[in-house]
Amino acid sequence: MGNARKGWLVAGAGFTGATAARRLAEATGEPVLVIDKRDHIGGNAFDAPNADGVSVHRYGPHIFHTNSDAVFGFLSRFTAWRPYEHRVQAEIDGRLVPLPFGFAAIEALFPAAQAARLIARLTERYGAEARVPILKLRQSEDGDLKALAAFIYDKVFAGYTLKQWGMPAEALSPSVTARVPVIVSRDERYFADRHQAMPAEGYAALFARMLDHPLIEVALSTPLESLPPELRARRTVYTGPLDAYFGHDEGHLPYRSMAFAEETRPAFGVQPCGTINFPDDRPATRTTEQGWLTGETAGRSVLVTEYPQAHVPGVNEPFYPVPGEAGDALARRYRARAEALNGRVWFAGRLADYQYYNMDQAAARALTLVAKEILPQAG
Ligand code: FAD
Ligand code: UDP
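These numbers were taken from a predicted model, which means no experiment stands behind them.

Parameters at a glance
Residues numbered from 1 in each chain as written. Chains lettered and ligands numbered in written order. Predicted model: local features only at pLDDT ≥ 70, side-chain atom pairs only at ≥ 80, totals over all residues. Heavy atoms only, no water. Pairing = 2+ DSSP bridges. Helix = DSSP H or I, 4+ residues; strand = E, 2+ residues; numbered from the N terminus. Phe/Tyr/Trp six-rings, centres within 6.5 Å; stacked < 30°, edge-to-face > 60°. Lys NZ or Arg CZ within 6 Å of the ring centre and 35° of its normal. Near = heavy atom within 4 Å. Polar contact = N/O pair within 3.5 Å; in protein donor to acceptor, adjacent residues only side chain to side chain.

S.K.: How do you make sense of the sheet that holds strand β17 (residues 301-310) when you look at a structure like this?
M.R.: Hydrogen bonding along the main chain pairs the strands of a sheet, whether they run parallel or antiparallel. Pairing in this open sheet of seven strands is mixed, and the strands run β8-β7-β15-β16-β17-β14-β18 from one edge to the other. In this open sheet, the two strands that pair with only one neighbour each are β8 (95-99) and β18 (320-321). Pairing analysis gives four bridges linking strand β16 (residues 286-289) to β17, with the strands arranged antiparallel. Following the sheet pairing, E289 is matched in β17 by L303.

Following this line, the structure appears as structure tokens:
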């Protein structure tokens, strides 16, 4: 497994680990050993053909979007892109309305005169094109807006959030529901980012190219804990769960897990858009038709439905850090210990930073870590 005395170890081959590995190899000219306990690269963004040959995102639908030119530029070295703007509709009162909740949803759900008044009030109060977190809209003093906020909270956020996280929105960091703001516009795209596109040949191909470098060696099905001491002694970028690194000795950080149910239909076009959300009380949160994301629309169509689960350590995957006071307080304790290891071990990524990162944020974190922290220390 390479030279034990020189070089780098990267634990985890997801967006954070693969990006860090590539930049370390390029910038230091030293060998980089990338390990992952899973039998594939790509972390949670991994995709692969299913038994019918249809490309499926194995850990739930992954849609790429970013405002970072640096991240988009970096990843563009390893993939061509297929333009794709994700659209989501929510089933509300038996109708499908576009999310984020904006003018189209208001017009679909309220009588015309009331809808016009609500749109005018929203525009007056927040300005055209504003993006208003639901928890902020709920604080509105205006009677119409207060009623609208209560309606949206009840119909869009309350049930979905309770299912997704196992707790009400008020118990979570406000940043969670702010990801899907109420919008003062007719924009029907789920994301507003400057760059919205999918890797033309999928994520696995992107990762294979990113890790294809003469100084990078990849060892799969290799947990960090299984490495011999001389390899563990290498300077390390660790992207696994923050608490797992320390043997959970201060307690388990709260994570949320997810189960995915796959269903195959004879032809594409089962849904009017990529994802349908279910903010009601059925156990599933959303169904995504893969072909919208991958562009593979010939032949069979695969629908993936997500069922949030309590995370049981050792039984299912820690997919989502839970942004809220309880987790944050414990994470701060582990983080202080992690920082004390800087210079030999650096923690980064959705699991190791215990932060609700999107893919672009994970890549950005790794680019910054290498450029601003590791390289300056490495001289
Ligand atoms: P990960 O992808 O989790 O990679 C960490 C890797 O470390 C894993 O492969 C793991 O096996 C490995 N590892 C852990 N412990 C060890 C160990 N001890 N030894 C060796 N290896 C170890 N983001 C978006 O931008 N758009 C989306 O649409 C989107 N949808 C998502 C849907 C779901 C259901 C989920 C769960 C996430 C979604 N994300 C999305 C977030 C995205 O998955 C993350 O931002 C990204 O994968 C984070 O990359 P990472 O490298 O930090 O972590
Ligand atoms: N959310 C909701 N209803 C929806 C969509 C989102 O209540 O129809 C809330 C919910 O709390 C969710 C959060 O907004 O966890 C963030 O949604 P996003 O689609 O960004 O979640 P992710 O794709 O990360 O699972």
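There's plenty left to go through after this.
S.K.: Would you mind going over the packing of aromatic side chains with me for this structure?
M.R.: Within a pair of aromatic rings, the relevant descriptors are the distance that separates the centres and the angle that separates the planes. Under the counting rule described, the total for this entry stands at 22 aromatic pairs. Taken together, a centroid distance of 4.8 Å and an interplanar angle of 25° make the contact between F72 and W81 stacked. Three or more aromatic residues joined by ring pairs make a cluster, and in this case those are Y238, Y245, F246, Y334 and F347. Sitting above the plane of the Y59 ring, R38 keeps its charged end 4.1 Å from the centroid. Just above the ring of W8 sits the side chain of R235; from NZ or CZ to the centre is 3.8 Å.

S.K.: What should I look at first to understand the site of ligand 1 in this one?
M.R.: Surveying the vicinity of ligand 1 reveals 31 residues, the closest of which are T16, D36, H62, I63 and M359. Taking D36, its side chain carries an N or O atom lying 2.6 Å from an oxygen atom of ligand 1. Here an oxygen atom of ligand 1 and a backbone polar atom of Y357 are 2.8 Å apart. Contributing elements (two or more residues each) for the shell around ligand 1: α1 (15-28) and α13 (359-378).

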